Amino acid sequence: MTPWDQEPLLKVEHLTMRFGGLVAINDLSFSAGRNDITAMIGPNGAGKTTVFNCITGFYKPTEGMITLTHEDGEKYYLERLDDHRIASETNVARTFQNIRLFGGMSVLENLLVAQHHKLMKASLFTVGGILGLNSYRLAEEEAIELSRFWLDKVGLESRADDTSADLPYGAQRRLEIARAMCSKPCLLCLDEPAAGLNPRETQELNELLLEIREEQKIAILLIEHDMGVVMGISDHIIVLDYGEKISDGTPEHVRNDPAVIAAYLGVEDDEVDQVEAEVAS
Amino acid sequence: MEYFLQQLINGVTLGSIYGLIAIGYTMVYGIIGMINFAHGDIFMVGTFIALITFIGLVSIGVTFIPLALMLVLIISMVLTAAWGWTVERLAYRPLRESFRLAPLITAIGMSIALQNFVQISQGARVKPLQPVITGGYEIMEKDGFIVNLSNIQIMIVVVTVALMIIFSLIISRTALGRSQRACEQDRVMASLVGVNVDRTISLTFVMGAALAAVAGLMFLLYYGVIDFYIGFVAGIKAFTAAVLGGIGSLPGAMLGGMIIGLIETFWSAYFSIEYKDVAAFSVLVLVLIFLPSGLLGRPEIEKV
C-alpha cells in the first residue's frame, strides 16, 4: 500500500474515454494524495490532457468513476458534474497547455472572475451589487485582497491594471496559475506549466509550485514534459502510453522501470522482455 | 434655426428609444455572437404588456399617474424579461452547440411566432392610448414658430441616460458584468473557473428584454398607438444602430441609436418623410461597406 492510496484526494477508477473508434484512455486507475505533487508523464498523444479534461468536466468519460474527497469527508463524483460546478463547488482548478486568459480584461479582473461564485452570492445575484450593499463591498474588497496576494506571489503586482494579453509569455503562464489559485482550489491541475519557459523561469516555477504545496496544503496534478520539473518536485509519477498506465510510483521507481524506458526510447513490443531483462541485470 | 432645434429634440428622443433597444442586440451579440432577430418583437410584446398593465391599473383605481407609471414600468420590465428568458431557453439554448446559422434561423422564426401570437391574441388593429403625460416647455419662439420641449421627451431622455449609466456600471463593476465579459472572451475557460455560463447568457437576455420593455413603455407613451407589427421596423432600426455603433459595444449601441434617430428625424424634416426608412437603412449599407466594425467596435483580428 503506497502512501497516496490511503485516503486519496482524487481517486480515478477504470476511466475509459472513447472518441468513436479511438480509445484515448483505456481502463486507467490511479490516486492522487492529499498534499502531493502528482505528475503525469508520457509521450505525445498518450492521453494525459484527456485525463485532465475528464477530471475538470470538459469531457464526460465513456466509463469509469472519478471521486474527489474533501478534507471533511464529503465525496464528489466528478464524472457526473457540470464543469462550472466542478470549479465552483468541488474546488478543482486547472490551467491549459496553450494559455487561456481573458485577454481583453485586466490582470486583476482575470483573478476576480475566478472568484465569481463567491461574489455572485455576496451580491445577491447582482441586485445587491447595484444597490451598493455593504456585504458586497466587503466581499469585493476581500476578493481584491486575495488577488493582490497571488499577484505578489507570482511577481505581477505592478501590472495589476494592464491588459492581460499584453503580458509577456512567462508572465501569462504565472498569471494563469494565480488565477487558478484565486478560486481556492483543493486540487490544482496544471497542463504543461513549464512549456515555453526558459531555464530560469522553469526554476522559479518549481519554487512557486513547492511553495504553493507547502503553504496552501493542496494537491497538485501536473502534466509535464520537462523532466527537470517532474523529477525535481513530484512525489508521485504516473506514466501513460497509448491511453494506458504503464508505470506508477515514486520518481525513483519510475526512473528505473523498464516499461517506461521502453516507451520513451521506443522499442518494438516483442523487445520489451529483452529490455526488461537488460535493465534488471 | 428654431425648426432645426425642434427636430434635434425630436431626434434625440427617438434616438433614445432606438438606443435602448439596440443595447439588447449588442449585449446578446457580444456574449454569444448571435443576432437575436426576435428582440424587436420582444420590444413589441413589451409595449403590449405596458398597455395592458396600464389599463388594468387604471381600472382597479390606480389613477395617480406617477405611481401608475412606476408600477407599469416595473411590471412590464419583469414580464418582458420573463419573455426574453423563455425565448432564450426554448429557442436558442438547445441550439447553442449547433452550426452558426441555426440560432439565426430560429430567431427569425421566433420573431414571426411572437408577431402572430400578439396578432391573434390582441387583434390586428392598432391600439391607442390617450396621452398620459402632457405639458411641456416652450423654450423659444420666433415668427410664430414655437420650439417645444415636452415633458414626455424630457422623461424619455432622462430615463434612457439613467439606465445607460446603471447598465454600464453593472457591466464594468459587478461580478455579473465581469462574468459576462469573461464568457464573451472564452466561454469554456469561464466555465472552468466556475462561471455558470448558461445562467450568465440567460441573464444577458433578461437584461436586454428589460431594457426593451422600458423602450416599449416610452414608445407607447410617446406615440400613443401600437400594433403587433411595430417590433419589426423598430427592431431593424435598432439593429442598424447597433451595427453602426459597433456591435458588441454598449456605448456604441447608444451612440448608434442617437445617430439613426437624428438621421431619420432630419431626413423627414428636410427631405421627404416617405423615404425616412431608406435614409436610415442606407446608413447600414454604407457602414457595412466602409466601416464594418462600426464607430466604437473593435476590429476583429483573425489570428493565423
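1. As for the state of the cysteines
All names here are of chain A.
Alright, step 1. Taken as a whole and judged by the stated rule, the model has zero disulfides over all chains.
Alright, step 2. Cysteine Cys186 shares no disulfide, and the gap to the nearest cysteine sulfur, in Cys189, comes to 9.4 Å.
Alright, step 3. Residue classification places Cys189 among the buried residues on the basis of a relative accessible area of 0%.

2. Examining the interface of chain A and chain B
Size of an interface, as often reported, equals the accessible area lost when the parts are brought together.
Alright, step 1. In this assembly, 26 residues from chain A lie in contact with 24 residues from chain B.
Alright, step 2. Carbon and sulfur atoms make up 64% of the area that chain A and chain B hide from each other, which totals about 2,300 Å².
Alright, step 3. Considering only the surface of chain A that becomes buried against chain B, A:His84, A:Phe102 and A:His116 emerge as the three largest contributors, covering 24% of it.
Alright, step 4. On inspection of chain A and its partner chain B, the count reaches three salt bridges.

3. A look at the sheet that holds strand β3 (residues 37–41) of chain A
Residues and elements named next belong to chain A.
Alright, step 1. In space, the six strands of this open sheet follow the order β6-β7-β8-β3-β9-β10, with mixed pairing throughout. Whereas interior strands pair on both sides, the edge strands pair on one side only; in this sheet they are β6 (92–94) and β10 (244–249). Adjacent strand axes in the sheet meet at a mean angle of 15°, parallel and antiparallel pairs treated alike.
Alright, step 2. Looking at chain direction, strand β9 (residues 236–241) and β10 are connected through five bridges and run antiparallel. Following the sheet pairing, Leu240 is matched in β10 by Lys245.

4. Focus on the pattern of salt bridges
Alright, step 1. Counting across every chain of the model gives 22 salt bridges over all chains.
Alright, step 2. Across the pair B:Asp198 and B:Arg96 runs a salt bridge whose closest N-O atoms are separated by 2.5 Å. Separated by 102 residues along the polypeptide, B:Asp198 in helix α8 (residues 197–223) and B:Arg96 in the loop between α3 (65–92) and α4 (101–122) bring together distant segments of the chain.
Alright, step 3. Given the relative accessible area of 31%, B:Asp198 is considered partly exposed.
Alright, step 4. Each of A:Arg213, A:Glu214, A:Lys217 and A:Asp235 takes part in one network of salt bridges that share partners.

5. Focus on the packing of helix α1 (residues 2–32) of chain B against helix α9 (residues 230–245) of chain B
All names here are of chain B.
Alright, step 1. Close contact between α1 and α9 brings their axes to 8 Å; oriented N to C, the two are set at 70°. Of the possible angle classes, the one that applies to α1 and α9 is roughly perpendicular. The residues of α9 that touch α1, namely those facing Tyr18, Ile21, Ala22, Tyr25 and Thr26, are Ala234, Gly235, Ile236, Lys237, Ala238, Phe239, Ala241 and Ala242.
Alright, step 2. When the residues that make up the contact of α1 with α9 are grouped by side-chain class, the tally is ten nonpolar, two polar and one charged.

The rules behind these values
- Residues numbered from 1 in each chain as written.
- Chains lettered and ligands numbered in written order.
- Predicted model: local features only at pLDDT ≥ 70, side-chain atom pairs only at ≥ 80, totals over all residues.
- Heavy atoms only, no water.
- Disulfide = S-S within 2.5 Å.
- Buried < 20%, exposed > 50% of the residue type's maximum accessible area, 1.4 Å probe, protein only.
- Contact = heavy atoms within 4.5 Å.
- Buried area = accessible area lost by both parts, 1.4 Å probe.
- Salt bridge = Lys/Arg side-chain N within 4 Å of Asp/Glu carboxyl O.
- Pairing = 2+ DSSP bridges.
- Helix = DSSP H or I, 4+ residues; strand = E, 2+ residues; numbered from the N terminus.
- Axes fitted to C-alpha atoms, helices over the stretch in contact; angles between N-to-C directions.
- Parallel < 35°, antiparallel > 145°, perpendicular 65-115°, else oblique.
- Nonpolar A, V, L, I, M, F, W, Y, C, P; charged D, E, K, R; others polar.

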